[in-house]
Each structure stands twice: as C-alpha cells, then as structure tokens.
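For reference, the chains in residue letters:
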Amino acid sequence: MEFDLSLLLNGIVSGLLLGGLYAVAASGLAVSFGMLDIVNIAHPALMVAAAFLVVAVGGAIGLDPLLCAVLLSPVFYLIGVGIYTFYNRFFERRGDEALQGLAFFFGVMFIIEVGLVMAFGPEQRFLDPSYAFTTWRIGEIDLPLRMLVPALFGLLAIGLLYLFLHRSFIGLAIAAVAQDAEALRLLAIDPVKIKRLAFGVSAMLACIAGGALIVVQPVEPSSGQIFIGRVFAICIMGGMASLSGAIAAAFLFGVVENVTATFFGPSWAPAVAFGWLLLVLAFRPQGLFGRAA
Amino acid sequence: MSATTLTDPRGADRIRHLPFWLGAVGVALAVFLALRLIGNEYGYYAGYFVLQYVVLASAWNILGGYAGYVNFGAAGFLAAGAYTAIFVRKAFGFDLIPGILCAAVVTGLLGLGTGYLTLRLRGVYFSIATLCLAVVLQTLVVNWDYVGGSRGAYVIRPMTIPPFASYGEYIFLVMLALAVITVGIARTVEVSRLGRGLQAIRDNERAAEAVGVPTLRLKLMATALCGALMGVAGAPLPYYSGYLNPDAAFSLAFAVNAIAMPLIGGAGTWAGPVIGAVLLASLQQAATVTISSALNLWIVGWILVIFVTIAPRGILGWFGKR
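Below: a short report on this structure.

## Some thoughts on the overall build of chain B
From N to C terminus, chain B includes 17 helices and two strands. Since a compact globule built from 322 residues should have a radius of gyration of about 20 Å, the 19 Å found for chain B is in line with a globular shape. Overall size of chain B, expressed as C-alpha extent along the three principal axes, is 60 × 45 × 40 Å. Here the contacts in chain B between residues at least 6 apart in sequence split such that 78% fall between residues at least 24 apart. Put simply, chain B shows about 14000 Å² of open surface, and 68% of that area lies on carbon and sulfur atoms. Distance between charge centres in chain B, computed from 20 positive and 11 negative side chains, equals 6 Å.

Spelled out as structure tokens, the structure:
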C-alpha cells in the first residue's frame, strides 16, 4: 500500500476526536472502577442504554442529542445511586465482591442489553443533529463536526468533573474514600454515602458518554460489548484512579485504533482494543504513566 | 488449625471414586434408556441442549467456583471449540471425536495463554480480559472465510450412524459421555491437591502463597482445564445443529448461562453446576416453546441477579454444611 501522509494525518486527527468520546466513556469508569474499586462492567451497557433513551426522548421532542443527554443525566444519577445501594447492601457488606458482586454486575449488564433488544429491537438506532453533515476543513485535514462537537462536549464534561473532584468538599471526600474509607469515619463522614454519590456521578458520566456516542455513530444493544474492552483498557492504561491519565490514554488509544482502522480496515478495531488490554496487563498493569507498586 | 490434622498425604485416595463413577454411568444409562423408550427425536435434541450446559457449567466451576476467578468468556471458548471442530473437519477431514480432542487442545492453550498474561494480577483483570476475548474471537471468525466467515459453515448430517438408531441418538450419546467425563473430572479436581489449592486461593490468595501453595501454577492448570472443557462443550455444536454461524456460536446465552448455572446450583461443589444446568437448561428448553428467546435470556439474567443476591451459596447452600 502506498504511504499517504494526508491519510495518516487524517487518521491521527479523527483518532484524537474519537479519543474525546473514549475519554468521557472511560472517565466514569475511572471514578467507579479506579477510585471506588467497584468493577462496574455494566458501565458501557449503561452508556448504550443512555444512547437509546436519547434517541427515544430526543427523537420524540426534536431535541439535540447532547442537550438531551444532559437533561437525562439526573435520571442516571438516580439509577447509579440505586445500583450502588443495592450492591453495597448485598455484596460489599457481605464481602462477596469478588465472585457474587462481579456476577451481579454481569447480570445487570446482561439485563440492560437484552432489555434494550426487547424494548427497541436488535437493529441500529441513530439520531442526527443538525450539524451532523457539516465538515470543517483545515488544509488537508477534515474536521467533521459529528466527531468534533461530541469530543469537545466530552472534554467539557470531564473538565467539570475535574473541578468537582479537586475543588468541592464532596469531590475531595471521594478522593479520600478511594485512599482510605475507614479514615473517613473518623472525620464523621459516612464512606458509604460518599461512595453512593460518586457512583451516581459515574452513572451520570455514562449518560453523557451515551449522548456523545449517538452523535458519533449509530448504536445497537450489543454496542456495549465492544466498549468494555476499550474503556477498561483505557482506564487501566491511564493508571486507574487518575483522570488526566485516563484522558491521555484515551487519546492515545483513539489514535492507535483509528490509524489501524485506516490502514488495515475497520473490522480489526476491536482486536486492537483487546491486544492493548492484554499487553498493558502483561507488562504495565500499573498503567502507562503510573509507578510500579 | 494445626498442621498435623491437615496433612494426610493419602487423604485424597480415601475418597472413593468407584461408587461415583458407577453411579454416574448408572444415571447416564437410565437417562438414555428412558429417552430410548420415549423414542422421540426431540427428546435427544432437548437432552443434548441440557447436557452441553452441564459440561459448560462444570468447566466454568473449576476456575470460578473453586478458585473464585470469574471467566466471562464462556461463549468465546465454546465457539473456539466449535470452530476448531469445523476447521479440522475441513482441513484434515477429521470427524467428530478427533474434532473434540483437537478442540480441547486449542481451547486449553487459549485458556493457558489468556491466564498466563493476566493471572499474575488481581482476579478482576483476568475477568475483564475474558470479557473482551469473546468479542475479539468473534471478529477473527467473522473475518476468516475458510470457516465460513459471517455466512456460517455447514456440516452435512448423515441420516444414521450404524450402531445407533438415529443421528440424534448418536450425538446425544456423545454429549452424554462428555458430560459424565466432565463431571467426573470436576469431582476429581475438587478432592485432589489441585482443587484444595484452588480453594485456598479463593479464600485467601496471599496466605496460600505464603504457606507454599504454587498459586500461579495451579491457576494456570485450572484455566487450561476450564478452557479445554469449554471447548469440548462446543466442539459437537456444528455436528448437532448442522449449521453454525458466528452469531449462534458466540451467543450471549452461553456466556450468561455458564455463570448463572454454577452460581444457582452452588459454585465450588461438583454437584452445584449439574443441578443448576439441569434446572435452568430444562426451564429454558421448556420456555422456548412459549416465549421469545430474548425474553428467555432476560429471565435468566434476572434469575442470576436474584440468586447471587438472596442465595449467594446457591441451591446447595440451602442445605447447610458449607
């Protein structure tokens, strides 16, 4: 194959744009999996569920998908709070996280996915906002708004999350719960309450990611399965609890995946995710930017 | 607990194997004779459906139940077994039985490889890796035209295979034998040093490592065995259905049932997965007649969540002891 510079450049740029979507998808997981140590494998399924809801609600009242996702996110906050309350009551308190807790999240993921098939049918859904077919061109490089807007939107959401985690009292408490939950009790803060709140925020981010996802590409109920590999690979590469690490890993991942897709065909993209995940687990389980434990 | 009460090097030998095997073969024969008396092909069809889940659930239990390492990739391993059988049939003209052996080797190595890369870390990383494994294997198979790609592959079923009354009876008996062997292996593992080591890993991996249990080696043995048996469960699938496409081989039903059945029956005992598989698979087989397959799977998902919530030790847990 002839090497084509503009093809490569475009591959990198749209990989970066894709990375924006991956970043927001992985940031929710960085909160639940990274900070709270809850292996929420249902996170991508929540994201896809949000995308379907955005299509249903946004399509019905003619609202922009991203705005619609923002409006729906309180609903997902409540769903997240509900899931965590249940998980805490039946698994965390009993010390059954490893086997039964994991099976629980698998069950939740499965119920969401099959529930979507039953409610909406197995076919792809899409919702095109008004800017979906506009493309800005800078020199040789294409900047499709369909990719750019969700990427910027995702980064905005992550920026707000960053401020929340680093500037607000509750955000700092979440960071504290990640380090030592028992110490929080000594400060008369209930760690379960903080975790519940943080898990709700994580589910909100899944909703925001779902809104971004539906603008970028059509979704089907099984879309979540492909995202599991991606978001976990990104989260682990980024060093688990690190938000900035997750963002950097997401961009890197988006570029690698997109350049692979450009040169070898899009059907190999899921293999890239898995290959990366395995390599990271085998050689740098502490993340690309982390120090060895 | 003092060491003297624990160490009895021949303890494993005292557990009687002969009555178990005689009993298992007896039950198998009784099932077969009952179906033969009924004489309906559907009986064999439904029987195969249940038995493949007995194999799959028992295989999952070796790693998941004893060691507490959750393998989400059952569908991937099963499909790898099925596609190995298709491949060796097309490439070398191998029939069902050699196909099953090849599938065991291939999926055993697949399990070993995945385990080798991820098992030195916490268990969740292994689980996440197996979760992605199925997606990637499906990508490979869909892109692999030699075994039919996304169009699927056909295995022409002969009408009869001489000593048996029908092809359905033959394939059922093969699966029956596989089920008996798998349950036997699972039970042997449970009472052997391997099984005890795995249970020590589940209860406290660091403590097990500290007292000299070779944790990584045992985990790798369990992963390879678990993978191989899942492949064995899948290898006869193309022969059973006559046609196999990636969607059917990588069906979500396998992934969820492989976890739901042992957990419902009682993970960590050889009998648990058998009970879970017989109950849940019979229920699904009966329900397919009346409700849609999606609703069927949805119910399985709910049963899984409800069971791990209210009965974390499964049905066997209701009967105390453990």
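## Some points on the packing of helix H5 (residues 74–92) of chain B against helix H14 (residues 252–265) of chain B
All names here are of chain B. Between H5 and H14, the shortest axis-to-axis distance is 7 Å and the interhelical angle comes to 120°. When the axis of H5 is compared with that of H14, the two are oblique. Relative to H14, the crossing made by H5 is right-handed. For the pair H5 and H14, contact is made by Ala74, Ala75 and Leu78 and by Phe254, Ala255 and Ala258, respectively.

## Considering the side chain of threonine 130 of chain B
Residue and element names in this part refer to chain B. With respect to the secondary-structure elements, threonine 130 resides in helix H7 (residues 123–142). Taking the relative accessible area as the measure of exposure, threonine 130 reaches 0% and is therefore buried. Not counting residues up to four positions away in its chain, the partners in contact with threonine 130 are Val70, Asn71, Phe72, Gly73 and Thr114.

## A short note on the nonpolar core
Grouped together as the largest cluster of nonpolar side chains are 218 residues, with contacts concentrated most on Phe33 and Phe106 of chain A. The dominant element in this core, judged by the number of residues it contributes, is helix H8 (residues 191–216) of chain A, at 16 residues.

## Overview of the interface of chain B and chain A
Every contact between the two is made by 38 residues of chain B and, on the other side, 43 residues of chain A. At the boundary of chain B with chain A, total buried surface from both sides reaches about 3700 Å², with 82% on carbon and sulfur atoms. Counting across the chain B and chain A interface gives zero salt bridges. At the junction of chain B with chain A, the criterion picks out four residue pairs in polar contact (both at pLDDT 80 or more). Of all elements in the fold, only helix H4 (41–64), helix H6 (96–118), H7, H14 and helix H16 (293–310) of chain B reach the threshold of two or more residues within the side of chain B that touches chain A. With 12 residues, H7 of chain B is the largest single contributor of residues to the side of chain B that touches chain A.

## A word on the environment of isoleucine 141 of chain A
Tracing the sequence through the fold places isoleucine 141 of chain A in strand S2 (residues 141–144). Look past the residues within four positions of isoleucine 141 of chain A in its chain and what remains in contact with it is Leu9, Asn10, Val13 and Trp136 of chain A.

## Some words on the packing of aromatic side chains
Residues and elements named next belong to chain A. Summed over all chains, the structure comprises 34 aromatic pairs over all chains. Between the aromatic rings of tyrosine 87 and phenylalanine 91, the centroid separation amounts to 6.0 Å while the plane-to-plane angle is 35°, which identifies the pairing as tilted. With tyrosine 87 and phenylalanine 91 both in helix H3 (residues 65–92) and four residues apart, the pair spans about one turn of that helix. Judged on exposure class, the residue tyrosine 87 and its partner phenylalanine 91 are both buried. Look at tyrosine 87 and phenylalanine 104: their rings are 6.3 Å apart centre to centre, the planes differ by 25°, and that puts the pair in the stacked class. Pair noted here: tyrosine 87 is in helix H3 and phenylalanine 104 is in helix H4 (residues 97–120), with a separation of 17 residues, a long-range link. Of the two residues examined, tyrosine 87 and phenylalanine 104, each falls in the buried class. By the ring-pair criterion, three or more aromatic residues cluster together here, those being Tyr84, Phe86, Tyr87, Phe90, Phe91, Phe104, Phe105 and Phe199. We note arginine 230 situated over the ring of phenylalanine 227; from NZ or CZ to the ring centre the distance is 4.9 Å.

What counts and how
- Residues numbered from 1 in each chain as written.
- Chains lettered and ligands numbered in written order.
- Predicted model: local features only at pLDDT ≥ 70, side-chain atom pairs only at ≥ 80, totals over all residues.
- Heavy atoms only, no water.
- Helix = DSSP H or I, 4+ residues; strand = E, 2+ residues; numbered from the N terminus.
- Rg over C-alpha atoms; globule rule 2.2 N^0.38 Å.
- Contact = heavy atoms within 4.5 Å.
- Areas by Shrake-Rupley, 256 points an atom, 1.4 Å probe, with all protein chains shown as cover.
- Lys, Arg positive; Asp, Glu negative; His and termini not counted.
- Charge placed at Lys NZ, Arg CZ, Asp CG, Glu CD.
- Axes fitted to C-alpha atoms, helices over the stretch in contact; angles between N-to-C directions.
- Parallel < 35°, antiparallel > 145°, perpendicular 65-115°, else oblique.
- Left-handed = near helix turned anticlockwise from the far one by under 90°.
- Buried < 20%, exposed > 50% of the residue type's maximum accessible area, 1.4 Å probe, protein only.
- Core = buried A, V, L, I, M, F, W, Y, C linked by side-chain atoms within 4.5 Å.
- Buried area = accessible area lost by both parts, 1.4 Å probe.
- Salt bridge = Lys/Arg side-chain N within 4 Å of Asp/Glu carboxyl O.
- Polar contact = N/O pair within 3.5 Å; in protein donor to acceptor, adjacent residues only side chain to side chain.
- Phe/Tyr/Trp six-rings, centres within 6.5 Å; stacked < 30°, edge-to-face > 60°.
- Lys NZ or Arg CZ within 6 Å of the ring centre and 35° of its normal.

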